[in-house]
There are 2 protein chains.
Amino acid sequence: MVKSKFSISLHIMTLLAYYPGEWHSSAKIAESLKINPVLVRKELKALKSSGLIDSKEGKNGGVKLGKSAKNISLADIFEAVKGSSHVLNLSSNVPDVSCKIGGQINEKLLSIFDEVDNAIIDILEPQSLEAFKNQF
Amino acid sequence: MVKSKFSISLHIMTLLAYYPGEWHSSAKIAESLKINPVLVRKELKALKSSGLIDSKEGKNGGVKLGKSAKNISLADIFEAVKGSSHVLNLSSNVPDVSCKIGGQINEKLLSIFDEVDNAIIDILEPQSLEAFKNQF
DNA sequence: TTGTACTGTAATAATTTTAATTACAGTAAA
DNA sequence: TTTACTGTAATTAAAATTATTACAGTACAA
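Residues numbered from 1 in each chain as written. Chains lettered and ligands numbered in written order. Predicted model: local features only at pLDDT ≥ 70, side-chain atom pairs only at ≥ 80, totals over all residues. Heavy atoms only, no water.

## Concerning the protein's contact with DNA strand D
Thinking step 1. Near DNA strand D you find 26 residues, and of these Ser-26, Ser-55 and Asn-93 of chain A together with Asn-36 and Gly-58 of chain B are the closest.
Thinking step 2. Backbone atoms, meaning sugar plus phosphate, form 65% of the atoms of DNA strand D positioned within 4 Å of the protein.
Thinking step 3. Here a base oxygen of DNA strand D sits 3.2 Å away from a polar atom, N or O, in the main chain of Gly-58 of chain B.
Thinking step 4. In terms of residues, the surface near DNA strand D owes the most to one element, helix H3 (residues 37-49) of chain A, which gives 4 residues.
Thinking step 5. Of the residues contributing to the surface near DNA strand D, the split by class is 5 nonpolar, 12 polar and 9 charged. (Near = heavy atom within 4 Å. Polar contact = N/O pair within 3.5 Å; in protein donor to acceptor, adjacent residues only side chain to side chain. Helix = DSSP H or I, 4+ residues; strand = E, 2+ residues; numbered from the N terminus. Nonpolar A, V, L, I, M, F, W, Y, C, P; charged D, E, K, R; others polar.)

## So, helix H1 (residues 5-18) of chain B
Thinking step 1. Spanning 14 residues, H1 of chain B covers 20 Å between terminal C-alpha atoms, matching the ideal 20 Å at 1.5 Å per step.
Thinking step 2. Within the span of H1 of chain B, buried status applies to Phe-6, Ser-7, Ile-8, Ser-9, Leu-10, His-11, Ile-12, Met-13, Thr-14, Leu-15, Leu-16 and Ala-17 of chain B. (Expected span 1.5 Å × (residues − 1). Buried < 20%, exposed > 50% of the residue type's maximum accessible area, 1.4 Å probe, protein only.)

## Details of the packing of aromatic side chains
The description of an aromatic ring pair uses the distance of the two centres, along with the angle that the planes make with each other.
Thinking step 1. Inspection of every chain in the model, using the stated rule, returns 6 aromatic pairs over all chains.
Thinking step 2. A ring pair is formed by Tyr-18 of chain A and Tyr-19 of chain A, whose centres lie 5.1 Å apart and whose planes are at 75°; its orientation type is edge-to-face.
Thinking step 3. Given the relative accessible area of 31%, Tyr-19 of chain A is considered partly exposed.
Thinking step 4. For the pair Phe-132 of chain A and Phe-136 of chain A, a centre-to-centre distance of 5.6 Å together with 65° between the ring planes defines the contact as edge-to-face. The exposure classification of Phe-132 of chain A matches that of Phe-136 of chain A, with both residues buried.
Thinking step 5. For the cation-ring pair, Lys-64 of chain A lies above Trp-23 of chain A, with the distance from its terminal atom to the ring centre recorded as 5.1 Å.
Thinking step 6. In this arrangement the basic side chain of Lys-108 of chain B is found over the ring face of Phe-136 of chain A, its NZ or CZ atom lying 5.8 Å from the centre. (Phe/Tyr/Trp six-rings, centres within 6.5 Å; stacked < 30°, edge-to-face > 60°. Lys NZ or Arg CZ within 6 Å of the ring centre and 35° of its normal.)

## Some thoughts on the relation of the copies chain A and chain B
Thinking step 1. Placing chain A over chain B gives an RMSD of 0.0 Å and needs a rotation angle of 180°, together with 0.0 Å of translation along the axis. Read as a symmetry element, the transformation amounts to a two-fold axis. Measuring from the rotation axis to each C-alpha of chain A, the shortest distance belongs to Ala-119 of chain A, at 3.0 Å.
Thinking step 2. Mapped onto chain B, 100% of the interface residues of chain A again fall at the interface, so both copies present the same surface. (Least-squares fit on C-alpha atoms with pLDDT ≥ 70 in both. Contact = heavy atoms within 4.5 Å.)

## Some points on the interface of chain A and chain B
Thinking step 1. Listed per partner, the contact involves 47 residues of chain A and 47 residues of chain B.
Thinking step 2. Sorting the residues of chain A by area buried against chain B places Lys-3, Ile-101 and Phe-136 of chain A first, and these three jointly supply 17% of that buried surface.
Thinking step 3. Taken together, the links from chain A to chain B amount to 0 salt bridges.
Thinking step 4. Going through the elements one at a time, helix H1 (5-18), helix H2 (26-33) and helix H5 (105-124) of chain A are the ones with two or more residues in the side of chain A that touches chain B.
Thinking step 5. Considering every element that reaches the side of chain A that touches chain B, the biggest residue donor is H5 of chain A, with 11 residues.
Thinking step 6. In the side of chain A that touches chain B, the residues fall into 27 nonpolar, 13 polar and 7 charged. (Buried area = accessible area lost by both parts, 1.4 Å probe. Salt bridge = Lys/Arg side-chain N within 4 Å of Asp/Glu carboxyl O.)

Don't take any of this as a statement about function, it's just geometry.
Listed below in structure tokens is the structure:
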């Protein structure tokens, strides 16, 4: 997972929750976040596949929340962003497999990565987008 | 935090725990992990500042555990690696500060990043390096 | 007392990853 | 039928990560 993706997606979702019912264009969102519109649209793609937003093509189109902010948790956003990757990573190099440790370390690490991701989900699950938005 | 640093440091620590009492050179460790010796020495620096390893300069020098693997938790290693950074990141761009959300989002995100890091520490705290090493 | 094998660290180069940019097909409202 | 969008691909630019080279300092040992 790209570490800043969660920040970008939560920022987008907060904007949508703050101005509910409106269709927001990726250009306007990008202007607010000061990032490229194409990057915004890539993030929106993941959020849409997870059912967190709706989108409308054509003139006056854009995106808006797919359900009430009360029914969206920060964990939902985290999971949408994370996809099948982990927050932590293996080293890109393959360790010496003839070594007792090196031959098995990656599977043990992956197991820890799952635990870590689940711990993050557990801490974010009780936090609603509605509550987060209300801080502003 | 560089996401793969934790993997590298845990791999190193597992090697040291598996062959306790021996002085391991960064060259040998690097050979086992298949990464550059200088990168190993950089990881060792953080582990040493946290008191997790001892080092000896000069011929026949190297590194070894600074205390029993039973008294080292995976959270200790995580914290050594993480330093003052977070597992998650802000976007590198500064959002539109004239926007109600953009002006305050980063401080709210940082607060979540702290919670996330603490959740990871909580899940890793009960796991000792000794137990991890014994899986191999 | 000198060679050898290390740590520790800096500087730089190569590589990979991430973000930005450009471009355009498709869609729907006006 | 023009305009303003989504959606996506391809390419370029920038940033972050990893590797490499180099060398000063240390300690053991012949």
